[in-house]
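Reading the structure
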Amino acid sequence: MLNKKNISEKGSILPSILLIITLLIIIGLVYFLLKGEGPTTTKTTAIESPDQQTNNRYEFEQYEGFDDGLRNPSYSEKYQLDELGEGVASKDIFNIDINSDGLNDRITKTKHENATSHSYYEYKIELNKNGNFIDITPDGFRTTEGADCALQKIRFVFKPKFEIIKISRKWQDSWETPTMATKTTYNIKNDSITQTNKQNLEKICDVAELF
């Protein structure tokens, strides 16, 4: 049989428990309301196909590192290197009409590893002539890479017109010694890649910084 003291103690404890539970519920509700309050902003980077790209250098700067303008390959494959870590590492093929004749031409980007910090990318450009692909790649269309500085980089631009920009410099004394960089621009004329402009820029170590 309960005495008056036990009843009194239980009567005083119960409101305290209810008060604590109520406070916890209120705190939980306030937390979720504050967490969901206001619009959330998510920064996204749209990856465009080559035929959607525009000739705007600031669009390239949203990507980490250097961007050669080639994105979303139609075909991509990685290869096994030899026991020394040398050979063709990967190949990407981009099918896109670069001479506005309604046929998809082909740009092939191949990565070569040589077990040093001087791996490089090689580019091959082919025009589609009724199903036959004709190689129109200029000589020396590859990157020249150092551990900290690149001596040659290439960027493809697809709009408002197709052009290729190559920025390169000569090696002197060491890979890190700045030398005068030259910007060369190529366009398609009479179904061939033709140099249309060449200019000196400035002395620099990494030519990627000049794009």
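Read on for a plain summary of the structure. Remember, it's a predicted structure, so these values are computed and weren't measured experimentally.

Considerations on the pattern of salt bridges
The tally for this structure, following the rule as stated, stands at seven salt bridges. Put simply, K111 and E113 hold a salt bridge, and the shortest N to O gap is 3.4 Å. Judged by relative accessible area, which is 22%, K111 ranks as partly exposed. In this structure, the salt-bridge partner of E126 is K124, at a minimum N-O distance of 3.8 Å. The exposure class assigned to E126 is buried, which follows from its relative accessible area of 7%. Connected through salt bridges with shared partners, the residues R106, K124 and E126 form a single ionic network.

Considering unusual backbone geometry
Geometrically, the link from K159 to P160 is a cis peptide bond, its omega value of 5° lying close to zero. For P160, the location among the structural elements is in the loop between β7 (150-157) and β8 (163-169). Positive phi outside glycine occurs at N130, with the angle close to 55°. Topologically, N130 is positioned in the loop between β4 (120-129) and β5 (132-135). In this structure N130 comes out as exposed when scored by relative accessible area, which is 74%. Phi angles above zero are rare outside glycine, and D173 is one such case at about 65°.

Examining the sheet that holds strand β1 (residues 75-78)
Pairing in this open sheet of five strands is antiparallel, and the strands run β1-β2-β3-β4-β5 from one edge to the other. One side of each edge strand has no neighbouring strand; the edge strands of this open sheet are β1 and β5. Averaged over all neighbouring strand pairs, the angle between strand axes comes to 25°, with direction disregarded.

What to know about the state of the cysteines
Per the counting criterion, the structure on display carries one disulfide. Linked covalently through their sulfurs, C149 and C205 form a disulfide whose S-S length is 1.5 Å. Given an S-S torsion of about 85°, the disulfide between C149 and C205 has right-handed geometry. In this pair, C149 is assigned in the loop between β6 (144-145) and β7 and C205 in the segment after β10 (192-204), connecting sequence segments 56 residues apart.

Quick notes on the sheet that holds β6
Spatially, β6-β7-β8-β9-β10 is the arrangement adopted by the five strands of the open sheet, whose pairing is antiparallel. The sheet is open, and its two borders are formed by β6 and β10, each paired with just one other strand. Pairing geometry for β6 and β7, over two bridges, is antiparallel. Its bridge partner being in β7, T144 is matched across the sheet by Q152.

Parameters at a glance
Residues numbered from 1 in each chain as written. Predicted model: local features only at pLDDT ≥ 70, side-chain atom pairs only at ≥ 80, totals over all residues. Heavy atoms only, no water. Salt bridge = Lys/Arg side-chain N within 4 Å of Asp/Glu carboxyl O. Buried < 20%, exposed > 50% of the residue type's maximum accessible area, 1.4 Å probe, protein only. Helix = DSSP H or I, 4+ residues; strand = E, 2+ residues; numbered from the N terminus. Pairing = 2+ DSSP bridges. Axes fitted to C-alpha atoms, helices over the stretch in contact; angles between N-to-C directions. Disulfide = S-S within 2.5 Å.

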